[in-house]
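For reference, the chains in residue letters:
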Amino acid sequence: MAEPNLQEIHDFLFDIALKAGDMITSANPGTVDTKKNSSDLVTETDKAVEDMVSSSLKSKFPDYSFLGEETSTSGRLTPAPTFIVDPIDGTTNFVHAHPYISISLAFAHQLRPLVGIVYNPFTQHLYHAIHGKGAYLTAPSVPTSHPPRPGSGTENTEAVVSAYTMTKLPMKMPAPPLTGLKQALVAMEWGNERSGNNWETKTETFASLAGDESTGGAMVHSLRSLGSAALNCCAVARGDLDAYWEGGCWAWDVAAGWVIVEEAGGRVVGGNDGELEPAVDSRRYLVVRASEGRKGQEEMIREFWGAVKG
Ligand code: IPD
C-alpha cells in the first residue's frame, strides 16, 4: 500500500467537517437514545453524521480502516491506516442546545495520530493540523455575535459576507511560562463512567486539584467541565486552558485534538504517573499547553501526576 498522502487526507477531512457542520446546525437532535447508561447519549444526528462521514471516506479511501464512535464495538485502534471519527463530540451539550460541541476527525497510522480536524459549527472555529506541519485555526475573520443562519435572509448582505471571510491563523504562538499547577486553569470532565475505578479516580482527583492546603489539595485557580474532549484539547492548544485531564474517554474523543495540541507546542501524555507515551486508545490522558521553555511544561506534568488519585 502506498504511503498515505497526509495533505490530501487533511483537505478531504476539512471539507467533510464543514459538511457535517451544516448537518448539525440545521438539525434538531431528533430521537435521543442512551447507550451504556442514562448519561451516555446518542442522537439521530450523531448517527446520520457518522454515516455520511464513513461513506464519504470509504468511497475516497477504500483501503483505510474506520473507527467511529457510533459503530465501533471495541474502541480499539490497530496499526493500519485508520480514520478515527466522533460525529458529535459533546452529544450531551447538543441535546441541551449548548453550543460547545465539535466534529472530531483524525487519521492515524502505526498507532500515531497524524492528521486532526476539530470543528465547532456553532462558532465556526475549525482547528486543523498535519503532523510536522503546524496547527491552524480557520475561523471568521471578524467576530460577530450572531452568525447568520441559512434562511435568515441576512447571508448575502455585504457586511455579513465580509464578516464571514474565513482566515487561517497559525496556532504556534509565544506562550507564557507555566508557573505551576496552583496557578493553572484546568479542564476535567465528568464523562459517562459514573462508577468503578475511573469514577473514583475522577472524583478524588477533582478534590485533590481543587481543595486547599488544609485538605491536602493543590488548589488550582479553577476547574472547568465544558463537555467536549476534542474542544478541550483545542483550548489547551490555543492557551485558553493550561491543562486538561480525563479518565474514561476514547480514541475518537482525543485523536484529532492530539495532533493539534502537539503541533501547537503542547504535550499529550498519559493520565497516570510516568506514562510519557500513552497509546491513543489508552483512555486516560493529560494534555498540557505550550510553555516558554520545556521546563515549566515538564514540571506541570509531574505536579499533575502527583495530584491524580488512583
Ligand atoms: C464525550 C465528551 C465529554 C467527555 C466524554 C466523552 P461524546 O464525548 O467528549 O466531554 O467527558 O468522556 O465521551 O460522547 O459527546 O462524543
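About the thresholds
Residues numbered from 1 in each chain as written. Predicted model: local features only at pLDDT ≥ 70, side-chain atom pairs only at ≥ 80, totals over all residues. Helix = DSSP H or I, 4+ residues; strand = E, 2+ residues; numbered from the N terminus. Buried ≥ 20, exposed ≤ 12 C-beta atoms within 10 Å, placed from the backbone. Contact = placed C-beta atoms within 7 Å. Pairing = 2+ DSSP bridges. Axes fitted to C-alpha atoms, helices over the stretch in contact; angles between N-to-C directions. Core = buried A, V, L, I, M, F, W, Y, C linked by C-beta atoms within 7 Å. UniProt positions renumbered as here; feature names shortened; annotations may be inferred. Near = placed C-beta within 6 Å. Nonpolar A, V, L, I, M, F, W, Y, C, P; charged D, E, K, R; others polar. Parallel < 35°, antiparallel > 145°, perpendicular 65-115°, else oblique. Expected span 1.5 Å × (residues − 1).

Caption draft 1: Quick look at the overall build of the protein chain. The secondary structure content of the protein chain amounts to eight helices and 14 strands. Along the first, second and third principal axes, the C-alpha set of the protein chain runs to 60 × 45 × 40 Å. For the protein chain, with 310 residues in total, the buried portion stands at 43%. In the protein chain, once contacts between residues fewer than 6 apart in sequence are set aside, the share between residues at least 24 apart is 67%.

Caption draft 2: Focus on the sheet that holds strand β5 (residues 102–109). Judged by pairing direction, the sheet is mixed, and its seven strands sit side by side in the order β3-β4-β5-β6-β7-β8-β9 without closing on themselves. The sheet is open, and its two edges are formed by β3 (65–68) and β9 (166–170), each paired on a single side. Within this sheet the neighbouring strands show an average axis-to-axis angle of 20 degrees, counted without direction. In terms of strand pairing, β3 meets strand β4 (residues 82–89) through four bridges, oriented parallel.

Caption draft 3: Spotlight on the nonpolar core. Formed by 81 residues in total, the largest nonpolar core has its most connected members in Cys-233, Ala-243 and Ile-260. Broken down by element, the residue count for this core peaks at nine residues, all from helix α7 (residues 251–263). When neighbours within four sequence positions are excluded, Cys-233 is seen to be in contact with Tyr-244, Val-254, Gly-257, Trp-258, Ile-260, Val-261 and Val-287.

Caption draft 4: Local environment of the UniProt feature "binding site: Mg(2+)" (unreviewed entry) in the protein chain. Per the UniProt record, "binding site: Mg(2+)" (unreviewed entry) is annotated on Glu-69, Asp-86, Ile-88, Asp-89 and Asp-253. Sequence-wise these annotated residues cover 185 residues; spatially they are packed, their C-alpha atoms never more than 9.4 Å apart. With respect to the helices and strands, the residue Asp-86 is situated in strand β4. Aside from chain neighbours lying at most four places away, what touches Asp-86 is Glu-69, Ser-104, Ala-230, Trp-252 and Asp-253. Relative to the helices and strands, Asp-253 is located in helix α7. Residue class for Asp-253 comes out buried when judged on the 27 C-beta atoms lying within 10 Å of it.

Caption draft 5: A look at the site of the ligand. Within the structure, the ligand sits among 15 residues, and Thr-91, Glu-189, Gly-191, Ala-229 and Cys-249 are positioned closest to it. Of the residues in the shell around the ligand, the class split is two nonpolar, seven polar and six charged.

Caption draft 6: Representation of the packing of helix α6 (residues 229–238) against α7 in the model. Closest axis-to-axis distance for the α6/α7 pair is 8 Å, and the angle between their directions is 10 degrees. If you check the angle between α6 and α7, you find them roughly parallel. Residues Ala-229, Ala-230, Cys-233, Cys-234, Val-236 and Ala-237 of α6 form the contact with α7, whose participating residues are Asp-253, Val-254, Ala-256, Gly-257, Trp-258, Ile-260 and Val-261. Along the lines of polarity and charge, the residues of the contact of α6 with α7 split into eleven nonpolar, one polar and one charged.

Caption draft 7: Geometry of the environment of Ala-255. Structurally, Ala-255 can be placed in helix α7. In contact with Ala-255, not counting residues within four places along its chain, are Ile-84, Ala-106, Ala-108, Pro-113, Gly-116 and Val-280.

Caption draft 8: Examining unusual backbone geometry more closely. Backbone geometry places Ala-97, a non-glycine residue, at a positive phi of 55 degrees. The topology assignment puts Ala-97 in the loop between α3 (91–95) and β5. Given 10 C-beta atoms within a 10 Å radius, Ala-97 is considered exposed. In this structure, Leu-111 is a non-glycine residue whose phi angle is positive, near 65 degrees. Mapped onto the elements, Leu-111 comes out in the loop between β5 and β6 (112–120). Judged by the 14 C-beta atoms lying within 10 Å of it, Leu-111 is partly exposed.

Caption draft 9: Structural context of helix α1 (residues 6–25). Relative to the 28 Å expected for 20 residues at 1.5 Å per residue, α1 spans 28 Å between its end C-alpha atoms, a close match to the ideal helical length. As for α1, its buried residues are in contact with α2 (44–60), β4, β5, β6 and β7 (125–130).

Caption draft 10: Geometry of the sheet that holds strand β10 (residues 185–188). On the basis of which strands lie adjacent, the open sheet formed by five strands has the order β11-β10-β12-β14-β13 and mixed pairing. Of all strands in the sheet, those bounded by a partner on one side alone are β11 (222–224) and β13 (267–270). Pairwise comparison of adjacent strand axes, ignoring direction, gives a mean angle of 20 degrees for this sheet. For β10 and strand β12 (residues 243–247), the ladder comprises three bridges, and the chain directions are parallel. Across the sheet, Met-188 pairs through a bridge with Trp-245, a residue of β12. Against the sheet, helix α8 (residues 294–307) touches β12, β13 and β14 (284–288), its axis set at about 145 degrees to β14.

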